[in-house]
Amino acid sequence: METLKTILYFSIFRYPLKLEEIHDYTNYSELSKTSEELQLLIDDKILTKIDEFYVYGNDLESVTKRLKGNMQAKPILVKARQKAHFIAKFPFVEAVGVSGSLSKGYYDNESDIDFFVITKPNKLWICRTLLMLYKKIFLLNSRKYFCVNYFISSNQLEIEEQNRFTATELKTLIPMQGKALFDTFYKNNLWINGYFSKFHPDLSHVAETQKPFITKALELLFNTQIGVFIDQLFKTITLKKWRSKFHFMDEVDFKIALKSTKNVSKHHPSNFQKKVILSLNSKLEEVHKKFNIDLPKEYV
């Protein structure tokens, strides 16, 4: 029942899928196999088909919600590409992609544009600090169209947390800047094929941004042992601030949601990854009780 787990996952976001979309998340080679399985789930009254969408339960309004969100996402995606091009000009930025709801083609009034940034080695925290300063000074700390909350360094490209949530985020990630590095990034994360065997990233529209003179000058200035020291200093200051602000979080959650290492910076204080996995497991348990279908649970 590969199709059902996929539908249950996206039902957490009230985002019903079409046949081809569901098939893309399965390991089935033939579309007919996916279609047959979905029809069995409809016959058993586990799913409802509304137009071309497959809905878990009777959440009929989720179809309208998705269609509206898809429409709103189109102009925002254009804005995201412009922002990604701008971010790529910052010192030590090597690649930029869009994640979150927009990467799945959805946007509403509660959404942000979430950017995933890959930086040069030993300069992640300088890069992050410069982008945060820009956001605070010029955008008045608004994250609506400039939510840079996940950074990794190009010398540690493999994502450590390997679960259905992170696999889905990598599958739906939209690379926008740094074509060559994103190619290497995906080659370092082949574990995703264990979840989605048909995944083949399309990098044909990914650009390579030329750095302006001022950026090159700043990179040259910080490309010293002093730069390494400043990078470590910014990491220490940020981590101390987060430890104080999020003192209520236990250590396990903090290390995932607010990971702060030499090569990774995540700022996800709501620990969305954990919430999604727990919600999915709750739905899997619900399906087991209602329909006597056993599907393996997921782990954070």
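Above this text you will find the structure in question.
Described below are features of the structure shown in this document. (Residues numbered from 1 in each chain as written. Predicted model: local features only at pLDDT ≥ 70, side-chain atom pairs only at ≥ 80, totals over all residues. Heavy atoms only, no water.)

### Describing the overall build of the chain
- Along its length, the chain carries 11 helices and eight strands.
- Its C-alpha radius of gyration of 21 Å places the chain within 12% of the 19 Å reference for a compact globule of 300 residues.
- Taken along its principal axes, the extent of the C-alpha atoms in the chain is 65 × 40 × 35 Å.
- Sequence separation of at least 24 residues holds for 72% of the intrachain contacts in the chain that already meet a minimum separation of 6.
- Accessible area of the chain: about 15300 Å², with a carbon and sulfur share of 57%.
- Placing the 44 positive and 34 negative side-chain charges of the chain at their respective mean positions leaves the two points 9 Å apart. (Helix = DSSP H or I, 4+ residues; strand = E, 2+ residues; numbered from the N terminus. Rg over C-alpha atoms; globule rule 2.2 N^0.38 Å. Contact = heavy atoms within 4.5 Å. Areas by Shrake-Rupley, 256 points an atom, 1.4 Å probe, with all protein chains shown as cover. Lys, Arg positive; Asp, Glu negative; His and termini not counted. Charge placed at Lys NZ, Arg CZ, Asp CG, Glu CD.)

### Quick look at unusual backbone geometry
- Its identity is not glycine, yet Asn141 carries a phi of approximately 65 degrees, on the positive side.
- Looking at the secondary structure, you find Asn141 in the loop between helix H5 (124–138) and strand S6 (147–153).
- Its identity as a non-glycine residue notwithstanding, Asn271 has a phi of 50 degrees, on the positive side.

### A look at the nonpolar core
- Leu4, Leu47, Ile118, Ile152, Phe182 and Phe185 are the most contacted members of the largest nonpolar core, which has 47 residues in total.
- Grouped together as the second largest cluster of nonpolar side chains are 37 residues, Val96, Leu102, Phe115 and Val117 included. (Core = buried A, V, L, I, M, F, W, Y, C linked by side-chain atoms within 4.5 Å. Buried < 20%, exposed > 50% of the residue type's maximum accessible area, 1.4 Å probe, protein only.)

### Concerning the packing of aromatic side chains
- Scanning all chains against the criterion turns up 24 aromatic pairs.
- Ring centres of Tyr15 and Tyr106 lie 6.1 Å apart, and the angle between their planes is 85 degrees; on these two criteria the pair is classed as edge-to-face. Residue Tyr15 is located in the loop between helix H1 (2–11) and strand S1 (17–18), and its partner Tyr106 is located in the loop between strand S4 (93–99) and strand S5 (114–119); the two are separated by 91 residues in the primary sequence. One exposure class covers both Tyr15 and Tyr106, and it is buried.
- Taken together, a centroid distance of 6.3 Å and an interplanar angle of 85 degrees make the contact between Trp191 and Tyr195 edge-to-face.
- Taking relative accessible area as the criterion, Tyr195 reaches 22% and is therefore assigned partly exposed.
- When the ring centre of Phe196 is taken as origin, the NZ or CZ atom of Lys171, which lies over that ring, is 6.0 Å away. (Phe/Tyr/Trp six-rings, centres within 6.5 Å; stacked < 30°, edge-to-face > 60°. Lys NZ or Arg CZ within 6 Å of the ring centre and 35° of its normal.)

### A word on H1
- Of all 10 residues that make up H1, nine are buried, and the element is covered over most of its length.
- Taken together, the buried positions of H1 are Thr3, Leu4, Lys5, Thr6, Ile7, Leu8, Tyr9, Phe10 and Ser11.

### Details of the sheet that holds strand S3 (residues 53–56)
- Taken together, three strands build an open sheet; the order of strands is S1-S3-S2 and the sheet is antiparallel. Each edge of the open sheet carries a strand with a single partner, namely S1 and strand S2 (47–50).
- Sheet analysis places S1 next to S3, joined by two bridges and oriented antiparallel. By the bridge assignment for S3, Lys18 is matched with Phe53.
- Contacts from H1 reach S1, S2 and S3 within the one sheet, and its direction differs from that of S3 by about 75 degrees.
- Contacts from helix H3 (residues 31–43) reach S2 and S3 within the one sheet, and its direction differs from that of S2 by about 110 degrees. (Pairing = 2+ DSSP bridges. Axes fitted to C-alpha atoms, helices over the stretch in contact; angles between N-to-C directions.)

### Digging into the sheet that holds strand S7 (residues 174–177)
- Overall, mixed pairing links the five strands, which are arranged S7-S4-S5-S6-S8 in an open sheet. Of all the strands in the sheet, just S7 and strand S8 (264–266) have a single pairing partner and so form its edges. The sheet shows a mean angle of 25 degrees between the axes of neighbouring strands, taken without regard to direction.
- In terms of strand pairing, S4 meets S7 through three bridges, oriented antiparallel. Paired with Val96 across the two strands is Gln177, which belongs to S7.

### Overview of the pairing of S6
- When you tally the buried positions in S6, you get seven out of seven residues, the bulk of the element.
- In this fold, S5 hands off to H5, which returns the chain to S6; that crossover is right-handed.
- Sheet topology places S6 next to S8; three bridges connect them, and they run antiparallel. Looking across to S8, one finds that Phe151 is bridged to Ser265. (Right-handed = clockwise from strand over helix to strand, strands pointing away.)

Don't take any of this as a statement about function, it's just geometry.
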